[in-house]
Number of protein chains: 2
Amino acid sequence: MSEMLKTGATIGILGGGQLGRMLSVAASRLGFRTHVFEPGAHPPAADVAHRVTTAPYEDAAALGAFAADCDVITYEFENIPTAALDLLEPLRPIRPGREALRISQDRITEKDFLTGLGLRTAPYAAVDDAASLDAALAAVGVPAILKTRRFGYDGKGQSRLMAADDAPRAWADMAGSPAILEGFVDFHYEVSVIGARNTLGDVSCYDPGENVHRDGILHTTTVPSRLSANLRMDAVLLTAKILNALDYVGVMGVELFVTPQGLIVNEIAPRVHNSGHWTQNGCVIDQFEQHIRAVAGWPLGDGSRHADVVMENLIGDDMDLVPDLAKQRATALHLYGKAEVKAGRKMGHVNRIITAKP
Amino acid sequence: MSEMLKTGATIGILGGGQLGRMLSVAASRLGFRTHVFEPGAHPPAADVAHRVTTAPYEDAAALGAFAADCDVITYEFENIPTAALDLLEPLRPIRPGREALRISQDRITEKDFLTGLGLRTAPYAAVDDAASLDAALAAVGVPAILKTRRFGYDGKGQSRLMAADDAPRAWADMAGSPAILEGFVDFHYEVSVIGARNTLGDVSCYDPGENVHRDGILHTTTVPSRLSANLRMDAVLLTAKILNALDYVGVMGVELFVTPQGLIVNEIAPRVHNSGHWTQNGCVIDQFEQHIRAVAGWPLGDGSRHADVVMENLIGDDMDLVPDLAKQRATALHLYGKAEVKAGRKMGHVNRIITAKP
């Protein structure tokens, strides 16, 4: 095991959004400083970071200076350009490691990896042009979703096909990007497991939460989920299998479909995850601190759940609800400091404590 | 009522220690930025503040620029020089207000205020020279403690008198500062109430915690305390009386001695308080967010207690315990990022969850 990072050490965070912001806060709780690297101006994480570098991921000098200031580097999103990682990797440890990024940056690679572990996914096929879309449709069937292989999130870069006739429009939606056709899964509901693994190989998972999406964006996560005890165990063991296979260090979000035939993996995210925000008010150690503990070479913390919680995202105009939400009992607001409200933009979330557990 | 501060607004904090650090974190949770004003270099709060001004409290230009950048100003300690407050007050609202500072900056003024409200304090007398110490000893008796009227904290600027013979040494310890002689109170134990009041005049108090000191510094706070239901009600009502009398806005710590004759006020602190750190892991809304809500013109949050907690300070070499504490279940560490360990220096604290409440 590497040494435990000590008070005053600096954790570098690639990406300065709300996840980086909440990671910075968790790092401060353990006595660490953060240095955020973000191309965009005025990122939410800058408000609580010790240092901020504003530079594109192509700026080798800025990346080098960033690495020199950090003891370890982590990230809040998986779509970091490979060239930037190539430059940083010889300079400082990157946690979670490159293998997790390589796999999660490409939907085909990710599904191949998961099925290779013996886990089930939706039926899928690679689509590189209009002709291969026809072949994929023949194999996968309709309804189906065509998605870009890379750089997709929150429903962006996706197109639904209800019939084979939809193929030309769907392919046009990809704008020439290599894609994956995924068959629909007939599922009861979706859950996600927030799992963590540290440099010792210890694994800890939070109680799975049940997710409801709206317009392709996470709307609520509820704990406990409706999972039976058996399925909950399956979900946790499957997550541990993924973490171990990647020699993973950090927190990962694993989205699962619950079907009559058991659990199907929807996708994995090598980072803290929106569906884990409930842990801020449901656990002694939340997902952000758990991630920081892991990447800092610390023991994992106690992630056992002490309350039933419903997390609800505040998207765009939901910010108008803040004055009312601020008055409600058993309600914790978490706002991201984004001055400009945009439709579909994640502005904050609210954790409602339903009952405290004895 | 003033307007609720909105996402992106800036809260100025005078003082950059651990209280300012945890106030900054709480402010970020509600979408605010903080600007910390602190004379010393590398203050703990700088790690999580959006801006930091490093300047003495005598620097009028720096104070003016600081005020211009802030929407409202608060502070993490009560001993801010009056001249700095005189300069800031016309520029931006200072919360809690000047009256709370005027009273808590001088132990005689504070005790006069409390007794004026009909509350009980230790017997006390002003001491301005060796002769008035003799008169005070005659009135108050021994054992007693001589304290400087101003700028004392954590047992600093204090001298015990076990007999009248101790008077010359005790007076010498004051180094010429005006002082107060306080009689000993024969108490069972000490509790403190963390109370909050907002711009609407709403008052909310946390469950009183029971404090144990070691070497004049808070060692542990335990909730629940041993207070009977009646005394708990007395403690909360007395705190509300103080808050209302001052038209107070923010969080205040009220230290109380529990005696056979009821509650005696030890001292008040017009700020978040070390004995309220347990709220970080025992309540949905902790004392830091409650303070930020109040000074930002927000409704107060839900401060009801959902767990039994023991808070323990990590002082000086206690930092050696961190690797072990990091492994313990139901244990939340809070470190302040202070690189240099010194004897008697508050380096962090730990909140242990004893049982979650149903």
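Heads up: these notes are all about the structure in this document. Note that the coordinates shown come from a computational prediction; the quantities given were computed from them, not determined experimentally. (Residues numbered from 1 in each chain as written. Chains lettered and ligands numbered in written order. Predicted model: local features only at pLDDT ≥ 70, side-chain atom pairs only at ≥ 80, totals over all residues. Heavy atoms only, no water.)

Before going further, it helps to spend a moment on the interface of chain A and chain B. Of the residues lining the interface, 45 residues belong to chain A; the matching set on chain B comes to 45 residues. A combined buried area of about 3500 Å² lies between chain A and chain B, and 57% of that area is made up of carbon and sulfur atoms. Interface area lost by chain A to chain B is led by Thr7, Asp47 and Val284 of chain A, which between them contribute 15%. In this structure, the connection of chain A to chain B is made through four salt bridges. Of the charged contacts in the structure, one is a salt bridge between arginine 329 of chain B and aspartate 302 of chain A, with a shortest N-O distance of 2.9 Å. Joining chain A to chain B, the criterion identifies 14 residue pairs in polar contact (both at pLDDT 80 or more). (Contact = heavy atoms within 4.5 Å. Buried area = accessible area lost by both parts, 1.4 Å probe. Salt bridge = Lys/Arg side-chain N within 4 Å of Asp/Glu carboxyl O. Polar contact = N/O pair within 3.5 Å; in protein donor to acceptor, adjacent residues only side chain to side chain.)

Hydrogen bonds along the backbone pair up the strands of a sheet, which may run parallel or antiparallel. All names here are of chain A. In space, the four strands of this open sheet follow the order β3-β2-β1-β4, with parallel pairing throughout. Edge positions in the open sheet fall to β3 (51-54) and β4 (72-75), since each of these has one partner strand only. Adjacent strand axes in the sheet meet at a mean angle of 20 degrees when their direction is disregarded. Pairing of strand β2 (residues 33-38) with β3 involves four bridges; the strand directions are parallel. Its bridge partner being in β3, histidine 35 is matched across the sheet by arginine 51. (Pairing = 2+ DSSP bridges. Helix = DSSP H or I, 4+ residues; strand = E, 2+ residues; numbered from the N terminus. Axes fitted to C-alpha atoms, helices over the stretch in contact; angles between N-to-C directions.)

Let's shift gears to the packing of helix α1 (residues 18-29) of chain A against helix α10 (residues 287-295) of chain A. Residue and element names in this part refer to chain A. Interaxial distance between α1 and α10 falls to 8 Å at its minimum, and their mutual angle equals 65 degrees. When the axis of α1 is compared with that of α10, the two are roughly perpendicular. The two elements α1 and α10 meet at a crossing, and its hand is right-handed. Contacts between α1 and α10 involve Leu19, Met22, Leu23, Ala26, Ala27 and Arg29 from the former and Phe288, Glu289, His291 and Ile292 from the latter. (Parallel < 35°, antiparallel > 145°, perpendicular 65-115°, else oblique. Left-handed = near helix turned anticlockwise from the far one by under 90°.)

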